[in-house]
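As a plain string of letters, each chain reads:
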Amino acid sequence: MPASRSVSGRGGLPLVAGNGGNPGLRLAELAASASRHGILVTDPNLPDNPIVYANPAFEKVTGYAPGKILGRNCRFLQNGDTDQADLEAVRAAVREGRECRVVLRNYKEDGTPFWNDLSISPVHDEDGRLIFFVGVQEDVTERKQMADALREAEERYHSIFESSVEGIFQTSVDGRILAANPAMARIFGYESPEEMIEAVTNVGEQLYEDPAGRRELLRLLEERGSVSGFETRVRRRDGGAVWISTSAHALYEGGRMVGIQGTVEDITERRLAEEALREQTETLEKLNRVGQMLSSELDGQKLAQVVTDEATRLTGASFGAFLNVVGGGDSYTLHAVSGLSREAFAKLHVARSARVFGPALSSGEVVRSDDVRAEGGYGDAPAFWGAAEGVPVASYLAVPVVSRSGEVLGGLFFGHPEPGVFGEHEEGIATALAAQAAVAMDNARLFESVRENEERYRVLYEDNPSMYLTLDEGGTVLSVNRFGAEQLGYEPDELVGRRMQDLFHEDDEEILTRNLSACLKNPNSLCVWEARKMRKDGSVLWVEERANAVRTAGGGRIVLVVCEDITERKRAEEALREVREAERARIARDIHDEALQDIVHALQQIELRKALAREGTNTAELDEVSAALKRSVEGLRGAIYDLRLEGHHEQTFPEMLSSLAKMNRRRAPGQEIEASVGADLPLDKDGQVELLRIIQEALTNARRHSKARTVSVTVEASNNTLRAEVSDDGVGFHAEEALGMGVRNMRERARTLGGDLEVESRPGEGTTVRFEMPLGDDDAEENVARILLVEDHASFRQAIASVLDRAPEFEVVGQAGSLAEARERLGAEPVDVALVDLGLPDGYGGELIKELRDANPDAQALVLSASLDRSEIARAVEYGAAGVMHKTVGMSEVVEAVRRLRAGETLLPLSEIVELLRFAGTRRKEEHEARHALSQLTPREREVLQALAEGLDGREIAERLRISVTTERNHMARILAKLGVHSRLQALVFALRYGAVEIG
């Protein structure tokens, strides 16, 4: 065995042959055992360089006991992790027998990794031969992790420093820049931090617009140690000014401030936005104040003067004027002036086509010019370009005043002798004031209209010489006009709350109950009846009442009743009836007592002479005369019956028909006459008399011409039809012979009753005379226009319904206050005409027009709207509207428009329809392009827009979306480019117009 072979004890240091029991070796062993570092000894002279010694600390570091590792190579500590670069250095050192120090990733017995600071040293014997390697290891995991963390922190700081969007700086107290990042250089307009550090030797004097700002910052830092959000204006390299916000803390040395370290943010855009917002807020406050002034004023002249004065002051104009459109829109006149006397406008060009005033007043355009004298379009105009003579104008602004209906009421005009005075801000103020003026003037006109309507209401309702009442569904009086109350001898308050039945004669209460029930069952029908009312003093008042039921806003119903006093008419009719009956009775009596008695006497004389004649005497002539006289007697008796017929008001129809049959049996003894009547006939007495006369005429024809043995009379009412037939089994006749047999008279009477009369007959087959009269008005119902009202204002809707219901050719089949309700009505019942409001609470009313036309191509739609916006009208016409009317038109005009639609007339000229359709196409194209632009926005850009709509500024948007302010600005720049707008405000208006965002 070579001299270098080692022998080991139980974990002790190896012994070298020949060294005896060296006390120094024992001391070394004690030292190795006490070391806190793990110590290994390997023998390179043995195969695989095994471990021959391990101190106790090795076990503490790795978890391996000496008994488990002695005789093994150290590579077990690598646990297969052999791709480490420093392992090759260890291998090389072992091969070359030299020292080596590396940091390796090793693994403990339980698999836990740790960083091992390993030092390897060779051991030689006295002859210089390599006999051992001593390895000392230290667990430096914590130190390694701290070093890595420090390195990463340094890298992050460097990355933040270099890539931060905020400027990062360090300066000395005397103003020298010690350090700056690229963002700092960019904010101040330098190419690089190095250039800025070299160029700027005194921050306060070179960068601050006011050096006092730098001194104030130093004072605050001395006082507080740190400052956040210190805002000031600074100069860029190119001389431009920017606003910055500085957050910094003081750097101390020996208790004395020696420098400043902090960040800088460019807040120029925010400050400009805040300034714009401040100006806008001030403007809005001013406009609000003016709006309050205008809202409380209803005098048109005062309105014009207030808005002219305020607009002139707020726009900074030298003078202002309000011009009114007059003369049917072909000229205008001065309504108010500010900043000049009216005399200065004495020579105002009145022609509407004057170049300055024309565009605003004719087409509703806003005209703004920095120097109107230089405008090419005005170069050939008269002196002063349409302005008053002697009024110098350079800067010019003209804003139309347009009502809600789209009518140009006038215009606001402003001038200033200096050019460039009016910008977008001033234009916005003037436009807002013009809009407020238009609303106020509309309100003034509406107030006047309401006042006139109230006066008309007073004339029509309170002062009308007719009785007006409204009743609830139970028949209780809700209101009554003064005339109606006075006619009954009451005060209006005495009637309100009383039952309507209590005001009628007890015999007529059933008439009232029946008709009120019919009204409530058929809300769109008009009920008319005559009855007796009782005055407070007990006297009787005959009235004709017309009533119809209308629905209230709450879904209930009320009955509107109009009463006319017909007492005098009833008295006159009764007196006339008595006179006629007396005259008929007198004529019948005279005929019976004189003419009939004389004829009967003559007939008796003839019969006597025939009896006294000698046998064989020819009495044919006497027979002929006798027969003629007998026929005259029957004719006179029939005439007497007819005269007395109208006086038989106490008899029922079956009784009168029975008397008629009995009389005809006497006149035709050879005929069997049968008469039958069904239930009570729905005819008044006059109608019954007319029907009996038709039957009498038919019986007379049958007696004279039919030679019938049997004649039957049948009268019945069924299936809404009244039928009366007179049939015989006689000889019959050809149809062309009928007109000579009294048929004309019968048909005249049939038409009077509202029916038809037909005669059916054939030779040898008898004859039937048939009268038919419809009891229901089915044809009328088929011709009634079914109307749907779609209007969200219940009072206005009820007013239209009330007016339309009074017209017999109209039936309001449904009312709706929203798009959803209207669609339900369309599905429930057919509609011929729909009156539609475009501005409904749950959508655009024009959509209903298309659905109406789809459901019924013959249906028509009439738009009633409070706002005649041209684009809305165009859309409505495109959807199929047949006409457009403003809500301020009279109710009679609405009714007439519906009648014209039902008659097939057009309400809009063809040229206007074509123009509106073109306009709708243009707007649709614009909307398509706008929505295409919105579709190009990314989800993040939409989030930015929504945050803007909720009132957040750039910094707040960045904080919400957790992005930098610079990134937010980049998003906003892309939004402006995609939408084709130039400011955040324009982008917001664009997005709101097309529903891309919601106001928060």
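Residues numbered from 1 in each chain as written. Predicted model: local features only at pLDDT ≥ 70, side-chain atom pairs only at ≥ 80, totals over all residues. Heavy atoms only, no water.

An unreviewed UniProt entry lists the chain under the name Oxygen sensor histidine kinase NreB, with Rubrobacter marinus given as the organism. Taken directly from UniProt, the Catalytic activity (unreviewed entry) text for the chain runs: "ATP + protein L-histidine = ADP + protein N-phospho-L-histidine." (UniProt positions renumbered as here; feature names shortened; annotations may be inferred.)

Now for helix H19 (residues 653–667). For H19, spanning 15 residues, the distance from its first C-alpha to its last is 21 Å, which sits close to the expected 21 Å at 1.5 Å a residue. Taken as a whole, H19 has its buried residues at Phe653, Met656, Leu657, Leu660, Ala661, Met663, Asn664 and Arg667. The buried residues of H19 occupy an angular sector of 160 degrees when projected down its axis, which confines them to one face. (Helix = DSSP H or I, 4+ residues; strand = E, 2+ residues; numbered from the N terminus. Expected span 1.5 Å × (residues − 1). Buried < 20%, exposed > 50% of the residue type's maximum accessible area, 1.4 Å probe, protein only. Arc of directions from axis to C-beta.)

This paragraph deals with the packing of aromatic side chains. The final tally for this structure, using the stated rule, is one aromatic pair. Consider the rings of Tyr64 and Phe76, whose centres lie 4.9 Å apart with planes at 70 degrees: the pair is edge-to-face. Taken as a pair, Tyr64 in the loop between helix H2 (56–62) and helix H3 (66–69) and Phe76 in the loop between H3 and helix H4 (85–96) lie far apart in primary sequence, 12 residues in all. Of the residues examined, Tyr64 reaches a relative accessible area of 12% and is grouped as buried. (Phe/Tyr/Trp six-rings, centres within 6.5 Å; stacked < 30°, edge-to-face > 60°.)

Attention now goes to the pairing of strand S30 (residues 833–836). Along any regular strand, the residues point their side chains to alternate faces of the sheet. Here S30 shows a buried face lined by Val833 and Leu835 and a second buried face lined by Ala834 and Val836. Examined bridge by bridge, strand S28 (residues 785–790) and S30 share four bridges and lie parallel to one another. The partner of Leu789 across the bridge, within S30, is Leu835. Bridge count for S30 against strand S33 (residues 860–865) is four bridges, and the pairing is parallel. Across the sheet, the residue bridging to Ala834 is Ala861, located in S33. (Pairing = 2+ DSSP bridges.)

This part covers the pairing of strand S24 (residues 710–718). Here six bridges tie strand S23 (residues 672–677) to S24, and the two strands are oriented parallel to one another. Opposite Ile673, over in S24, you have Val711 as the bridge partner. Pairing between S24 and strand S25 (residues 721–728): eight bridges, direction antiparallel. Bridge assignment links Val715 to a residue of S25, and that residue is Ala724.

Considering all chains together, one arrives at zero disulfides under this definition. Free cysteine Cys527: the closest other cysteine sulfur is in Cys519, separated by 3.1 Å. (Disulfide = S-S within 2.5 Å.)

What follows covers unusual backbone geometry. One non-glycine residue, Asn49, adopts positive backbone phi at about 50 degrees. Here Asn49 shows up in the loop between strand S3 (38–42) and strand S4 (51–54). Relative accessible area serves as the criterion here: at 15%, Asn49 is assigned to the buried category. Positioned with a positive phi, Arg962 is a non-glycine residue whose angle comes to about 60 degrees. Residue Arg962 is classed as exposed on the basis of its relative accessible area, which comes to 80%.

Let us now look at the sheet that holds S25. Reading across from one edge, S23-S24-S25-S27-S26 is the order of the five strands in this open sheet, with mixed pairing throughout. The open sheet is flanked by S23 and strand S26 (756–761), the only strands paired with a single partner. Mean inter-strand twist for the sheet, computed between neighbouring axes without regard to direction, equals 10 degrees. Against the sheet, H19 engages S23 and S24, with an angle of about 175 degrees to S23. Of the strands in this sheet, S23, S24, S25, S26 and strand S27 (767–774) are in contact with helix H20 (residues 685–706), which crosses S25 at around 15 degrees. (Axes fitted to C-alpha atoms, helices over the stretch in contact; angles between N-to-C directions. Contact = heavy atoms within 4.5 Å.)

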